[in-house]
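Below, each chain spelled out in residue letters.
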Amino acid sequence: QLQLAESGGGLVQPGGSLRLSCTASGSALERYAIAWFRQAPGQEREGVSCISNSGGATRHADFVKGRFTISRDNAQNTVYLQMNGLELEDTAVYYCAADSYCWYMSNPGYRFAYWGRGTQVNVSS
């Protein structure tokens with residue numbers, strides 16, 4: 001059974017940076033596309049970024065393009081989300097999730113197969 005664990009969240013000022021990590025156990029991360037989702041209080045879950053199992057394809061939501069970068073290190077069973085130029089609106093719980101393909105994110109009604117418990121990101125002055 002694949003298990004995912006996020007880390008790296010915290011409090012940061014607007015314009016600052018954080019790097020989130022998603023580490024897998026129980027199965028090889030290289031088998032899966034890995035996505036980052038986030039959910040702010042009172043808001044629906046939204047897709048942020050995704051990287052294919054090969055690492056050859058990435059996707060980013062329009063609201064993070066140019067600011068966030070997703071990458072993976074399969075040898076370490078870890079996917080990263082580098083977040084730069086953070087804004088107040090980026091405050092949310094960030095989750096990593098695993099499934100077969102990044103294009104599954106196109107349907108908001110589809111839930112990825114495996115999820116971590118989330119890490120809190122607070123952007124505040």
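Residues numbered from 1 in each chain as written. Predicted model: local features only at pLDDT ≥ 70, side-chain atom pairs only at ≥ 80, totals over all residues. Heavy atoms only, no water.

## What about the state of the cysteines?
Move 1: As enumerated under the stated definition, the model contains 2 disulfides in all.
Move 2: There is a disulfide in this structure between Cys 22 and Cys 96, and the S-S distance comes to 2.1 Å. The sign of the S-S torsion, about 70°, decides the handedness of the disulfide formed by Cys 22 and Cys 96: right-handed. Taken together, the residues span a long stretch of sequence, with Cys 22 in strand 3 (residues 18-25) and Cys 96 in strand 9 (residues 92-99) at a distance of 74 residues.
Move 3: Its relative accessible area of 0% is what places Cys 22 among the buried residues.
Move 4: On the accessibility criterion, Cys 96 (0% relative accessible area) is buried. (Disulfide = S-S within 2.5 Å. Helix = DSSP H or I, 4+ residues; strand = E, 2+ residues; numbered from the N terminus. Buried < 20%, exposed > 50% of the residue type's maximum accessible area, 1.4 Å probe, protein only.)

## Describing the pattern of salt bridges
Move 1: Applying the stated criterion across every chain, the model contains 5 salt bridges.
Move 2: Here Lys 65 makes a salt bridge to Asp 62, at a shortest N to O gap of 3.2 Å. With respect to burial, Lys 65 and Asp 62 carry one shared label: exposed.
Move 3: For Arg 67, the salt bridge is made with Glu 87, and the minimal N-O distance between the two is 3.9 Å. (Salt bridge = Lys/Arg side-chain N within 4 Å of Asp/Glu carboxyl O.)

## Some thoughts on the packing of aromatic side chains
Move 1: One pass over the structure, following the stated rule, counts 10 aromatic pairs.
Move 2: Plain terms: the ring middles of Phe 37 and Phe 112 are 5.4 Å apart, the flat faces sit at 75° to each other, and that makes the pair edge-to-face. Of this pair, Phe 37 sits in strand 4 (residues 33-39) while Phe 112 is found in the loop between strand 9 and strand 10 (114-115), placing the two residues 75 residues apart along the sequence.
Move 3: An aromatic cluster is defined as three or more aromatic residues linked by ring pairs; in this entry it consists of Phe 37, Tyr 95, Tyr 101, Trp 103, Tyr 104, Tyr 110, Phe 112 and Trp 115.
Move 4: One Lys or Arg, Arg 111, reaches over the ring of Trp 115 and ends 4.4 Å from the middle of that ring. (Phe/Tyr/Trp six-rings, centres within 6.5 Å; stacked < 30°, edge-to-face > 60°. Lys NZ or Arg CZ within 6 Å of the ring centre and 35° of its normal.)

## As for the nonpolar core
Buried together is how nonpolar side chains tend to be arranged in soluble globular proteins.
Move 1: With 27 residues, the main nonpolar core has Ile 34, Trp 36, Leu 81, Met 83 and Tyr 94 as its most contacted residues.
Move 2: Sorting the residues of this core by element identifies strand 3, strand 4, strand 5 (46-51), strand 7 (68-73), strand 8 (78-83), strand 9 and strand 11 (119-123) as the ones contributing at least two each.
Move 3: Once you skip the residues sitting within four places of it in the chain, Ile 34 turns out to touch Cys 22, Leu 29, Ser 49, Cys 50, Ile 51, Ile 70, Arg 72, Val 79, Cys 96, Ala 97 and Ala 98.
Move 4: With 10 residues, the next largest nonpolar core counts Phe 37, Cys 50, Ala 97 and Met 105 among its residues. (Core = buried A, V, L, I, M, F, W, Y, C linked by side-chain atoms within 4.5 Å. Contact = heavy atoms within 4.5 Å.)

## Considering the sheet that holds strand 7
Move 1: Across the sheet, which stays open at both edges, the 4 strands sit in the order 1-3-8-7 with antiparallel pairing between neighbours. Each having just a single partner strand, strand 1 (3-7) and strand 7 make up the two edges of the open sheet. Each strand axis lies, on average, 15° off the axis of its neighbour in the sheet, ignoring direction.
Move 2: Direction of pairing for strand 1 relative to strand 3: antiparallel, over a ladder of 5 bridges. Pairing of Glu 6 across the sheet is with Cys 22, part of strand 3. (Pairing = 2+ DSSP bridges. Axes fitted to C-alpha atoms, helices over the stretch in contact; angles between N-to-C directions.)

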